[in-house]
Amino acid sequence: MAKVKGRYETIFILNPTLSEEATAAAVEKFKALVEQHGELGEVDEWGKRRLSYEIDDHAEGYYVLINFESTPDFPHELDRVYRITDSVLRSLIICKDE
């Protein structure tokens, strides 16, 4: 039988040169996307932190961690949206059930 819902964790790093309003808008965009396709859990904004290595000539990034529950097909869509959003430097989605 197919899994109906899964627990996931995603972390994404935003471009540190964004204004506070643009950063807040990007975080809200992803929170709203998760709420549309599943159940939003804890959202932890870590803020600006130094990167281990430069990404696109940036030494810092704005980190956001989101826990959520959704169907197994949604993480693929979320990853696609991360990839086409210019303000996202890196992202990772992990299934916590396994």
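Up top is the structure these notes are about.
Note that the coordinates shown come from a computational prediction; the quantities given were computed from them, not determined experimentally. (Residues numbered from 1 in each chain as written. Predicted model: local features only at pLDDT ≥ 70, side-chain atom pairs only at ≥ 80, totals over all residues. Heavy atoms only, no water.)

Membership of the largest hydrophobic core comes to 17 residues, with the highest contact counts inside it found for Phe12, Leu14, Phe30, Phe68 and Leu78. Elements with a contribution of two residues or more to this core: strand E1 (6-14), helix H1 (20-37), strand E3 (58-70) and helix H2 (74-84). The element best represented in this core is H1, accounting for five residues. Aside from chain neighbours lying at most four places away, what touches Phe68 is Gly6, Arg7, Tyr8, Thr10, Val34, Glu39, Leu40, Gly41, Phe74 and Leu78. Within the second largest apolar cluster, five residues are counted, among which are Ile13, Leu51, Ile55 and Leu89. (Core = buried A, V, L, I, M, F, W, Y, C linked by side-chain atoms within 4.5 Å. Buried < 20%, exposed > 50% of the residue type's maximum accessible area, 1.4 Å probe, protein only. Helix = DSSP H or I, 4+ residues; strand = E, 2+ residues; numbered from the N terminus. Contact = heavy atoms within 4.5 Å.)

To continue, consider the side chain of Thr85. Its location among the elements puts Thr85 in the loop between H2 and strand E4 (88-95). By relative accessible area, Thr85 is classed as buried at 11%. At 3.3 Å, the side chain of Thr85 and the side chain of Lys29 are in polar contact. (Polar contact = N/O pair within 3.5 Å; in protein donor to acceptor, adjacent residues only side chain to side chain.)

Taking 1.5 Å as the rise per residue, H1 with 18 residues should run 26 Å; its terminal C-alpha atoms sit 26 Å apart, in good agreement. Looking at H1, one finds that the buried residues are Thr23, Ala26, Val27, Phe30, Lys31, Leu33 and Val34. Seen along its axis, H1 keeps its buried residues to an arc of 155°; they face one direction. Along H1, the residues that are exposed and aim more than 90 degrees away from the buried face are Glu21 and Gln36. Looking at the buried residues of H1, the elements they touch are E1, strand E2 (38-55), E3, H2 and E4. (Expected span 1.5 Å × (residues − 1). Arc of directions from axis to C-beta.)

Turning to unusual backbone geometry, a few remarks are in order. With a phi angle near 50°, Asp56 is a residue other than glycine that sits in the positive phi range. A residue is classified by how much of its surface remains accessible, and Asp56, at 59% relative accessible area, is exposed. In the Ramachandran plot, Asp57 falls in the positive-phi region, its phi being about 65° despite a non-glycine side chain. For Asp57, the position within the fold is in the loop between E2 and E3.

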